[in-house]
Amino acid sequence: MADSRAENIITAIVTAVTSLDTTGANVFRGRVYELPETSLPCLCVYLGFDNPRSDGGSSSWIYIDSDLTINIEAVVKDSSAQVDTTLNQIRYEVGQALQADITQGLAYVMNTTEGPAGVT
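Conventions and cut-offs
Numbering of residues begins from 1 in every chain and follows the order in which that chain's sequence is written. Residues qualify for local features only when their pLDDT is at least 70, as the model is predicted, and side-chain atom pairs are given and counted only at 80 or more; totals for whole chains, interfaces and linings, by contrast, use all residues. To get the side-chain values, all heavy atoms of the structure are used, and hydrogens and water are removed first. Only DSSP runs of H or I reaching four residues or more are called helices, and only runs of E reaching two or more are called strands; each is numbered from the N terminus. Buried, partly exposed and exposed residues are distinguished by accessible area as a fraction of the type maximum, computed with a 1.4 Å probe on protein chains only: under 20%, between the cut-offs, and over 50%, respectively. The contact criterion used throughout is that any non-hydrogen atoms of two residues lie within 4.5 Å. Only the protein chains shown count as covering a residue, and every accessible area follows the Shrake-Rupley method with a 1.4 Å probe. Here, a disulfide means two cysteine sulfur atoms that sit within 2.5 Å of each other.

(A) Fine view of the overall build of the protein chain. The number of helices and strands found in the protein chain is two helices and three strands. The buried share of the protein chain, taken over its 120 residues, is 25%. Put simply, of all contacts in the protein chain between residues at least 6 apart along the chain, 46% involve residues at least 24 apart. Here the protein chain has roughly 8300 Å² of accessible surface; of this, 51% comes from carbon and sulfur atoms.

(B) Just the state of the cysteines, in detail. One pass over the structure, following the stated rule, counts zero disulfides. There is no disulfide at cysteine 42, and the cysteine sulfur nearest it, in cysteine 44, is 4.5 Å away. Judged by relative accessible area, which is 0%, cysteine 42 ranks as buried.

See below:
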């Protein structure tokens with residue numbers, strides 16, 4: 001496999017969110033998994049949009065900056081009415097882990113910002 005910056009970034013993200021208090025080692029790469037209850041709660045991490053940033057036409061396209069979206073999906077099963085509380089705790093832990101190093105230890109990552117959350 002080629003040395004892809006997107007691949008390096010997602011690998012760094014997976015490392016950063018592995019071993020959180022709520023989800024532990026239950027971190028999976030990809031969008032679709034058959035997740036047994038013993039793997040819950042968990043995180044599924046996968047690539048989203050990769051949008052080149054416009055520079056107003058001033059560069060020669062030697063370097064192309066992108067806004068890369070990494071989706072981190074929390075999966076929880078809870079028989080109580082506190083599913084939102086657990087999801088909010090996971091969101092907090094993920095945010096703390098990712099903001100600990102906004103470059104994710106990679107020289108070509110300029111910043112890590114939190115995006116919107118949603119329920120599916």
